[in-house]
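Coordinates in review
Each chain is listed here by its residues.
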Amino acid sequence: AQTVTQSQPEMSVQEAETVTLSCTYDTSESDYYLFWYKQPPSRQMILVIRQEAYKQQNATENRFSVNFQKAAKSFSLKISDSQLGDAAMYFCAYRSRANNDMRFGAGTRLTVKP
Amino acid sequence: SQTIHQWPATLVQPVGSPLSLECTVEGTSNPNLYWYRQAAGRGLQLLFYSVGIGQISSEVPQNLSASRPQDRQFILSSKKLLLSDSGFYLCAWSVPGRVSNQPQHFGDGTRLSIL
């Protein structure tokens, strides 16, 4: 079964600076999809960004970008120009092309300091 | 547009009591539906998913069960709650079929506390 590992339980960043959240995963599949979700204190789960494994180009959504290293099975999230509203739990998720379920990491709690 | 409703938002129940959490989706047909549990300070654990009415796949054996009596209704139940059932329960939906590049969209969650 696929597993997703987020090795940083907590991270902090100064407002306007850049922070990178790590995610690694374990799979024997070649075709899959990766996601980053944000969970603010309201507990809603909000999709931040997604990446198709067959695409070499890293996905970008405004201040959010990923560094997808398929061989290393790494999928890190970079947040540029951090804002106070970025403070949240961030979850990395893996979705197999063959299955309907998603596997989530344990999450990284991001604190943004003013 | 599609919306997902999950209720109640919070629930406090004694050990041994039954449970029923409901989730409904509007604006789409035959969605894939999911129930997740998030224990305090931990990640999301997939409990059940459904690709159609009456079709339920269980990921983790436990005292919880799920049912899908209607196309856009997903219910999480238990006959007798355990202390370990405390947590935050999230319902989610995604577009139908095996379209794996589509994200899941989550409800607001239910915070369940067992006394």
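Use the structure listed above.
Reading the values: rules and limits
Residues numbered from 1 in each chain as written. Chains lettered and ligands numbered in written order. Predicted model: local features only at pLDDT ≥ 70, side-chain atom pairs only at ≥ 80, totals over all residues. Heavy atoms only, no water. Helix = DSSP H or I, 4+ residues; strand = E, 2+ residues; numbered from the N terminus. Rg over C-alpha atoms; globule rule 2.2 N^0.38 Å. Buried < 20%, exposed > 50% of the residue type's maximum accessible area, 1.4 Å probe, protein only. Contact = heavy atoms within 4.5 Å. Areas by Shrake-Rupley, 256 points an atom, 1.4 Å probe, with all protein chains shown as cover. Lys, Arg positive; Asp, Glu negative; His and termini not counted. Charge placed at Lys NZ, Arg CZ, Asp CG, Glu CD. Buried area = accessible area lost by both parts, 1.4 Å probe. Salt bridge = Lys/Arg side-chain N within 4 Å of Asp/Glu carboxyl O. Phe/Tyr/Trp six-rings, centres within 6.5 Å; stacked < 30°, edge-to-face > 60°. Disulfide = S-S within 2.5 Å. Pairing = 2+ DSSP bridges.

The next subject is the overall build of chain B. Looking only at helices and strands, one finds zero helices and eleven strands in chain B. Counting from the amino terminus, chain B carries its helices and strands in the arrangement β-β-β-β-β-β-β-β-β-β-β. Computed over its C-alpha atoms, the radius of gyration of chain B comes to 13 Å, within 12% of the 13 Å expected for a compact globule of 115 residues. With respect to the three principal axes, the spread of C-alpha positions in chain B is 40 × 25 × 20 Å. Here chain B holds 115 residues, and the buried ones make up 49% of them. Restricting to contacts in chain B with at least 6 residues of sequence separation, those with at least 24 account for 55%. With the model as given, the accessible surface of chain B reaches about 5200 Å², and the carbon-plus-sulfur share is 52%. Taking the 8 positively charged and 6 negatively charged side chains of chain B as two groups, their mean positions are separated by 8 Å.

From N to C terminus, chain A includes zero helices and twelve strands. Each helix (α) and strand (β) of chain A, taken in turn from the N terminus, gives the series β-β-β-β-β-β-β-β-β-β-β-β. For chain A, whose C-alpha radius of gyration is 14 Å, the value lies close to the compact-globule estimate of 13 Å for 114 residues. Projected onto its principal axes, the C-alpha coordinates of chain A cover approximately 45 × 25 × 20 Å.

A few words on the interface of chain A and chain B. Residue-level contacts link 23 residues of chain A with 25 residues of chain B. Approximately 2100 Å² of surface area, both sides summed, lies buried where chain A meets chain B, with 47% of it carried by carbon and sulfur atoms. Here chain A is connected to chain B by zero salt bridges. For the side of chain A that touches chain B, the secondary structure elements donating two or more residues are β5 (32-39), β6 (46-52), β10 (88-96) and β11 (102-104) of chain A. With four residues, the top contributor of residues to the side of chain A that touches chain B is β5(A).

With that settled, the discussion passes to the packing of aromatic side chains. Scanning the entire structure with this criterion turns up 14 aromatic pairs over all chains. Relative to A:Y37, the ring of A:F35 lies with its centre 6.3 Å away and its plane at 40°, an arrangement referred to as tilted. Assessed through its relative accessible area of 0%, A:Y37 is described here as buried. Feature note: the residues A:F35, A:Y37, A:F104, B:Y34, B:Y36, B:Y49 and B:F106 constitute an aromatic cluster, connected by ring pairs.

A covalent bond between the sulfur atoms of two cysteines is referred to as a disulfide. Counted under the stated rule, the structure contains two disulfides over all chains. The partner cysteine of A:C23 in its disulfide is A:C92, sulfur to sulfur 2.0 Å. On the sign convention where negative means left-handed, the S-S torsion of about -70° between A:C23 and A:C92 marks this disulfide as left-handed. Here A:C23, found in the loop between β3 (19-21) and β4 (24-26), pairs with A:C92, found in strand β10; they are 69 residues apart in sequence, far enough to count as distant. Classification of A:C92 as buried rests on a relative accessible area of 1%. Between the sulfur atoms of B:C23 and its disulfide mate B:C91 the distance is 2.0 Å. Measuring the twist about the S-S bond at about -75°, one finds the B:C23-B:C91 disulfide to be left-handed. You can see B:C23 sitting in strand β3 (residues 19-26) and its partner B:C91 sitting in strand β9 (residues 87-94), a full 68 residues away along the chain. Here B:C23 matches B:C91 in class, with each residue buried.

The next thing to look at is the pairing of strand β8 (residues 64-69) of chain A. All names here are of chain A. Pairing of strand β7 (residues 60-61) with β8, which is carried by two bridges, proceeds in the antiparallel orientation. Considered in β8, the bridge of E61 is made with F64. Linking β7 to β8, which pair antiparallel, is a turn of two residues; within it N62 sits at a positive phi near 55°. Taking the residues that link successive antiparallel strands as the turn, the β8-strand β9 (residues 74-79) hairpin has four residues, and the phi of K73 there is positive, at about 55°.

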